[in-house]
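# Commentary on secondary and tertiary structure
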Amino acid sequence: MSAKWTLTVDLDLCVNCHNCVLATKDEHIGNDFPGYSAAQSGAGVDTIRIDKHQRGSGTQVELTYVPRMCSHCDDAPCLKADSTGALRKRADGIVLLDPEKAHAPELEALCPFGMIRRDAGTGAAHLWSFDAHLLDAGWEMPRAVQACPTSALQCAKLDNDALAQRVARDGLEGFPGMEAAKPRVYYKNMRRLTHALVAGTVLQETDGRPDCAAGITVALHEDGKERARTVTNGFGEFAFAEIPPQADRIELRLSTPDGAEKTVPLELSHPHPVEIRL
Ligand code: SF4
Ligand code: SF4
């Protein structure tokens, strides 16, 4: 089995700087790469976009930036549905859209994940080409990876065994809903999208005023069983970052160093500003 290009996206590291988006535009706006991709217009098309995902509630929220692009799927639905002959997958895994056929009207609809997009200026369809024209010229990475200041984006050419080892080692996952297509873009720290965050602040009365309650034990119970526990920090804050989405009947059970206890029921399906007063 020959090695194929694979991109990994670490959701803990993306800071929404858009360098990857801009570097890709810089490479492709006004530049025609025959056999690889048509020139993009300034009005343009985002072949890489940064989505946003928020979890948590009230003042305790976490924002995750999610780079999205063509995943160069190994079992690509776009290729199966393509009657235009515009799409092809190379032996190195890269899916390309023939610039000579990029004006076929049905192309956008061929990707069920919305990763084939039409340039508002030229009318040509595009996908993120992995900058195959650069890799073929000896580059070790596409412009997007080169421009990423945090190494949130990394790429490698891996055969299936090496990919399986990397997936197991780093806890990589395909984007939710894309599993059957066998994407070659993998995400690290996907819990930021797939799991709930329960975080809050514990307050106690001091001299008649609310004050941060440090050192309070907070245990998270699901269906009556303890799933995790933590202790509030100096600001009275606590967080549980890996609550499965199907979790039901969540309770927070708080206990103070002097033995006082309090139980707070939560429903994950509803926003819940978690400010707990002892
Ligand atoms: S993400 Fe869409 S366009 Fe890219 S290979 Fe997969 S199905 Fe095709
Ligand atoms: S360059 Fe890297 S850190 Fe910046 S938006 Fe893109 S993936 Fe995120």
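Everything below is about the structure printed above this text.
First things first, this report covers the structure right here in the doc.

Basis of the calculations
- Residues numbered from 1 in each chain as written.
- Chains lettered and ligands numbered in written order.
- Predicted model: local features only at pLDDT ≥ 70, side-chain atom pairs only at ≥ 80, totals over all residues.
- Heavy atoms only, no water.
- Helix = DSSP H or I, 4+ residues; strand = E, 2+ residues; numbered from the N terminus.
- Rg over C-alpha atoms; globule rule 2.2 N^0.38 Å.
- Contact = heavy atoms within 4.5 Å.
- Areas by Shrake-Rupley, 256 points an atom, 1.4 Å probe, with all protein chains shown as cover.
- Lys, Arg positive; Asp, Glu negative; His and termini not counted.
- Charge placed at Lys NZ, Arg CZ, Asp CG, Glu CD.
- Pairing = 2+ DSSP bridges.
- Axes fitted to C-alpha atoms, helices over the stretch in contact; angles between N-to-C directions.
- Near = heavy atom within 4 Å.
- Nonpolar A, V, L, I, M, F, W, Y, C, P; charged D, E, K, R; others polar.
- Polar contact = N/O pair within 3.5 Å; in protein donor to acceptor, adjacent residues only side chain to side chain.

### Details of the overall build of the protein chain
- Helix and strand counts for the protein chain stand at seven helices and 17 strands.
- In summary, the protein chain has a C-alpha radius of gyration of 24 Å against a globular reference of 19 Å for 278 residues, an excess of more than 25%.
- Across its three principal axes, the protein chain shows a C-alpha extent of roughly 75 × 40 × 35 Å.
- Excluding contacts between residues fewer than 6 apart, the proportion of contacts in the protein chain whose partners are at least 24 apart in sequence is 59%.
- Of the roughly 13600 Å² of accessible surface on the protein chain, a fraction of 49% belongs to carbon and sulfur atoms.
- Across the protein chain, the 30 positively charged side chains and the 39 negatively charged ones have centroids separated by 2 Å.

### Quick look at the sheet that holds strand 16 (residues 261-266)
- As summarised here, the arrangement of the four strands in space is 13-12-15-16, forming an open sheet in which the pairing is antiparallel. Edge positions in the sheet fall to strand 13 (225-231) and strand 16, since each of these pairs with one other strand and no more. If you compare each strand with its neighbour and ignore which way they point, the axes differ by 20° on average.
- Pairing between strand 15 (residues 250-255) and strand 16: six bridges, direction antiparallel. Following the sheet pairing, Leu 254 is matched in strand 16 by Lys 262.

### Looking at the environment of Asn 233
- In this fold, Asn 233 is placed in the loop between strand 13 and strand 14 (237-243).
- Apart from residues no more than four positions distant in its own chain, Asn 233 is found in contact with Ala 213, Ala 214 and Gly 215.

### Some remarks on the site of ligand 1
- Around ligand 1 sit Cys 70, Ser 71, His 72, Cys 73, Ala 76, Pro 77, Cys 78, Val 95, Cys 111, Phe 113, Ile 116 and Met 178, and that is every residue in its neighbourhood.
- Among the residues forming the shell around ligand 1, the class breakdown is ten nonpolar, two polar and no charged.

### As for the side chain of Asp 82
- Its location among the elements puts Asp 82 in the loop between helix 2 (77-81) and strand 4 (87-89).
- In this structure the side chain of Asp 82 is engaged in a polar contact, spanning 2.5 Å, whose partner is the side chain of Thr 84.
- One polar contact links the side chain of Asp 82 to the main-chain amide nitrogen of Ala 86, over a distance of 3.2 Å.
- Non-local contacts of Asp 82, meaning those with residues more than four positions away in its chain, are made with Leu 87, Leu 107 and Leu 110.

### Focus: the site of ligand 2
- Every one of the 13 residues lining ligand 2 counts as a neighbour, but Cys 14, Cys 17, His 18, Cys 20 and Cys 148 are closest to it.
- Each residue belonging to the shell around ligand 2 can be placed in one class, and the counts come to nine nonpolar, four polar and no charged.

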